[in-house]
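Residues per chain are reported as follows:
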Amino acid sequence: MNVYLVGVVVYLLVMVLVGVYFGKKSINDNEDFMAAGRSLPLWVVSGTLLATFVGSGTVVGGASFIYQYGPFAAIFNLSGGIVGTIILYFLAGKIRTGEAYTVPEMIEKRFGTTARLVSSIIILLAFIGITAYQFTGGAYVLQITTGLPIGIGSIIIGVLVIFLTVSGGLFSVAYTDAISAILIVAGFLLGLPFVLHSVDGFSGLSLSLPSNTKSWNGGLSIPQLLGFFLPLFLLVLGDQNMYQRFGAAKNPTVARRSTIGFFIGSCFVISLTIIIATSAIVMFPEIAPDTAVLNMAINGLPLAIGLIVLCAAVAFIITTATSYLLSASGNIIYDLLKRFSNKDISDKKLLKYNRATVVAVGVLAYILGMYFPTVLELQMYSYTMYGAALTPAILATVTWKKATTAGIMSSMIVGAIGTIFWEVVLNKPFDWNSVLFALPLSVLTLIVVSLLTNKEGVAKSNQDSFVIND
């Protein structure tokens, strides 16, 4: 049997055992399932932030971008998350103090029930898409190691992700994330000397690169570059997964300090991914761009090192998928079912419903993944749906006292409709990503409508609960 396949299967079995362990030991109620008992230590919070950020979007979608447009354009593109992390440092402690399960719950504290409902729907549209491209990214690994078709591979990965999420909730997700974060940093660092040796170092790599990948912009226009930078920046800045990790930290200090570990880890992983995927341009000029890092692991590194890199890549894909699947399920249970139910639902029933919802959302993610032809395309759509429609509203919730319910509502709706209109109806004119159209509309709508409807200058008293500059 293929050695790489055996290694990946063994590693995934370890992840399953970790999930089962935490499911039996730590899950007593729905707060344990969704917020890990608000007890996670610093190293775990830092690791789970990194693993949530660096999934298929980096090792598959990001590698595809690097392979097509070169390392310099990739630095600008992938740095969006790093810039967002710096800003998160100043928000993390306040977010932990709020102790909300979901972003819509946080928004409702200032802007009411309808705002919570609209934000929940938008999050679901984005997070199901993000989960979907993790399934596809994992399927690429199975295709390379076994020859399985992408559709069947997506099903296998989807079943595994659903099982891990159902078994242990955020306890399972957070600890497997942290382990995976350590593994991928170690694997990439161990592989780096072998990769550079194969291309005769940085100087040899520079000489061997095709001319179209040597320019600072990779042949893309400035609007196109911004169209790749902004979705990742906005997603990290307003990502519900990040906020939930802060909420699961032991205390506000741990939440704030975890962003430092997240920042350092992100810089390491992104830099190493750029070097490895750039080397793949020279070593494997005919491969599919989505498989640059995966092909390097299998065909460009010694067996032991390549196996570590491959397992690490798979681990990040799996753990990112479990994070977004759990988060989307939480939106359905807390922001829709529990919030709008006329009956009191016991915590035991909530836990049962939450697990059933994970399965349903996982199936929807698989279906959506079959609609988009590439990981990079689905990635940009999902990031923009969240970033343009929700991030302005989230930042206004925690930083801007003059924001109003009307401004928040109209901003979210305009951002979501703008994304769909640009992607589906107009089919991406000028080959620009939809964020360039949807984000300005969303921000402008938020500011103008809030100023026009803010008659008292400050929102009602209970609206200040999340504002940082109290």
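Residues numbered from 1 in each chain as written. Predicted model: local features only at pLDDT ≥ 70, side-chain atom pairs only at ≥ 80, totals over all residues. Heavy atoms only, no water.

Caption draft 1: Quick peek at the environment of Y381. By secondary structure assignment, the location of Y381 is in helix α16 (residues 375-389). For the pair Y381 and P231, spaced 150 residues apart in sequence, the C-alpha separation works out to 8.5 Å. (Helix = DSSP H or I, 4+ residues; strand = E, 2+ residues; numbered from the N terminus.)

Caption draft 2: Inspection of the packing of aromatic side chains at higher detail. In total, this model carries 11 aromatic pairs according to the counting rule given. Taking 4.8 Å as the distance between ring centres and 65° as the angle between the ring planes, the aromatic pair formed by F65 and F228 counts as edge-to-face. With a gap of 163 residues between them, F65 in helix α4 (residues 56-69) and F228 in helix α10 (residues 222-238) connect regions that are remote in the sequence. As far as the burial class goes, F65 and F228 line up, both buried. Relative to F437, the ring of F421 has its centre 6.3 Å away and its plane inclined at 35°; by these criteria the two rings are tilted. Here F421, found in helix α18 (residues 405-425), pairs with F437, found in helix α19 (residues 435-453); they are 16 residues apart in sequence, far enough to count as distant. A network of ring pairs unites the aromatic residues F65, Y69 and F228 as a single cluster. (Phe/Tyr/Trp six-rings, centres within 6.5 Å; stacked < 30°, edge-to-face > 60°. Buried < 20%, exposed > 50% of the residue type's maximum accessible area, 1.4 Å probe, protein only.)

Caption draft 3: Fine view of the side chain of S442. Note that S442 resides in helix α19. Residue S442 is classed as buried on the basis of its relative accessible area, which comes to 0%. Separated by 2.7 Å, the side chain of S442 and the backbone oxygen of A388 make a polar contact. Residues contacting S442, with those up to four places away along its chain left out, are A388, P392, S411, V414 and G415. (Polar contact = N/O pair within 3.5 Å; in protein donor to acceptor, adjacent residues only side chain to side chain. Contact = heavy atoms within 4.5 Å.)

Caption draft 4: Broad picture of the pattern of salt bridges. Tallied over the entire structure, the rule returns 3 salt bridges. A salt bridge links R116 to E108; the nearest nitrogen and oxygen atoms lie 2.5 Å apart. On the basis of relative accessibility, which here comes to 16%, the residue E108 falls in the buried class. Residue R116 pairs with D335 through a salt bridge whose shortest N-O separation is 2.7 Å. With R116 in helix α7 (residues 113-146) and D335 in helix α14 (residues 303-340), this pair connects stretches of sequence that are 219 residues apart. According to the relative accessible area criterion, R116 is buried, its value standing at 5%. Taken together, the salt bridges that share partners define one network made up of E108, R116, D335 and R339. (Salt bridge = Lys/Arg side-chain N within 4 Å of Asp/Glu carboxyl O.)

Caption draft 5: Representation of a nonpolar patch on the surface within the structure. On the surface, L117, I121, L125, F340, I413, I417, I420, F421, V424, V425 and L426 cluster together to form a nonpolar patch covering roughly 900 Å² of accessible area. A per-element tally of the nonpolar patch places α18 first, with 6 residues. Inspection of the secondary structure assignment puts I417 in helix α18. (Patch = residues over 30% accessible without salt bridge, like charges linked within 9 Å, V, L, I, M, F, W, Y side chains within 5 Å. Areas by Shrake-Rupley, 256 points an atom, 1.4 Å probe, with all protein chains shown as cover.)

Caption draft 6: Spotlight on the environment of P71. Mapped onto the elements, P71 comes out in helix α5 (residues 71-98). Using a relative accessible area of 10% as the deciding quantity, one classes P71 as buried. Every residue in contact with P71, bar those within four places of it in the chain, is listed here: L209, T213, I274 and T278.

Caption draft 7: A look at the environment of L225. By secondary structure assignment, the location of L225 is in helix α10. As a C-alpha pair, L225 and A74 span 151 residues in sequence and 9.2 Å in three-dimensional space.

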